[in-house]
Amino acid sequence: TDAMETTREFMTGLSIDDLIYYPLMTDELSIQTMKIMDVSLMTFYKAAPALLPLLVSQMIALTSKRGCCNESATAFAAFAFLEMSLLGHFDNAYRIGMLATSML
């Protein structure tokens, strides 16, 4: 999908060092939005799996625009899962999974 491709472009070349210096999300509305999307991930996975890539892409887009928060790590891990399961991009999924782990 277009959302996945846009997300993949953002993630390309992003390193653990980049995340160390990435700004923190400070806007309370954005933080609360991320929390709502975070708790919705499993519901989307079970009830509407075709929409899961869109939800994850929206979480990463918000992270790219507003900064990192705790839920950003979940979004990165979910994107790694999608890269592996939907697209078979195992190397990229591993790299993104390591980025997610570094955020914890």
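Scroll up for the structure.
These numbers come from a predicted model, not from an experiment.

Draft legend 1. Broad picture of the pattern of salt bridges. Inspection of every chain in the model, using the stated rule, returns four salt bridges. Close ionic contact of Asp27 with Arg66 constitutes a salt bridge, the shortest N to O distance being 3.3 Å. Here Asp27, found in the loop between α2 (16-20) and α3 (28-47), pairs with Arg66, found in helix α4 (residues 52-66); they are 39 residues apart in sequence, far enough to count as distant. For Arg66, a relative accessible area of 44% puts it in the partly exposed group. Residue Glu71 pairs with Lys35 through a salt bridge whose shortest N-O separation is 3.8 Å. Of the two residues, Glu71 is situated in helix α5 (residues 70-87) and Lys35 in helix α3; the sequence distance between them amounts to 36 residues. A residue is classified by how much of its surface remains accessible, and Glu71, at 10% relative accessible area, is buried. A residue is classified by how much of its surface remains accessible, and Lys35, at 34% relative accessible area, is partly exposed.

Draft legend 2. Structural detail: the packing of helix α1 (residues 2-11) against α5. Between α1 and α5, whose axes approach to 12 Å, the crossing angle comes to 115°. When the axes of α1 and α5 are compared, the crossing they make is left-handed. Contact with α1, carried on its side by Met4, Thr7, Arg8, Phe10 and Met11, involves Phe76, Phe79, Leu82, Glu83 and Leu87 of α5 and no other residues of that element. In terms of residue class, the contact of α1 with α5 is built from seven nonpolar, one polar and two charged.

Draft legend 3. Up close: α5. In this model α5 runs 26 Å from its N-terminal to its C-terminal C-alpha over 18 residues, within 8% of the 26 Å that 1.5 Å per residue would give. Along its buried surface, α5 packs onto α1, α2, α3, α4 and α6 (90-102). Of the residues flanking the end of α5, it is Gly88, one or two places downstream, whose phi is positive at about 70°.

Calculation criteria
- Residues numbered from 1 in each chain as written.
- Predicted model: local features only at pLDDT ≥ 70, side-chain atom pairs only at ≥ 80, totals over all residues.
- Heavy atoms only, no water.
- Salt bridge = Lys/Arg side-chain N within 4 Å of Asp/Glu carboxyl O.
- Helix = DSSP H or I, 4+ residues; strand = E, 2+ residues; numbered from the N terminus.
- Buried < 20%, exposed > 50% of the residue type's maximum accessible area, 1.4 Å probe, protein only.
- Axes fitted to C-alpha atoms, helices over the stretch in contact; angles between N-to-C directions.
- Left-handed = near helix turned anticlockwise from the far one by under 90°.
- Contact = heavy atoms within 4.5 Å.
- Nonpolar A, V, L, I, M, F, W, Y, C, P; charged D, E, K, R; others polar.
- Expected span 1.5 Å × (residues − 1).

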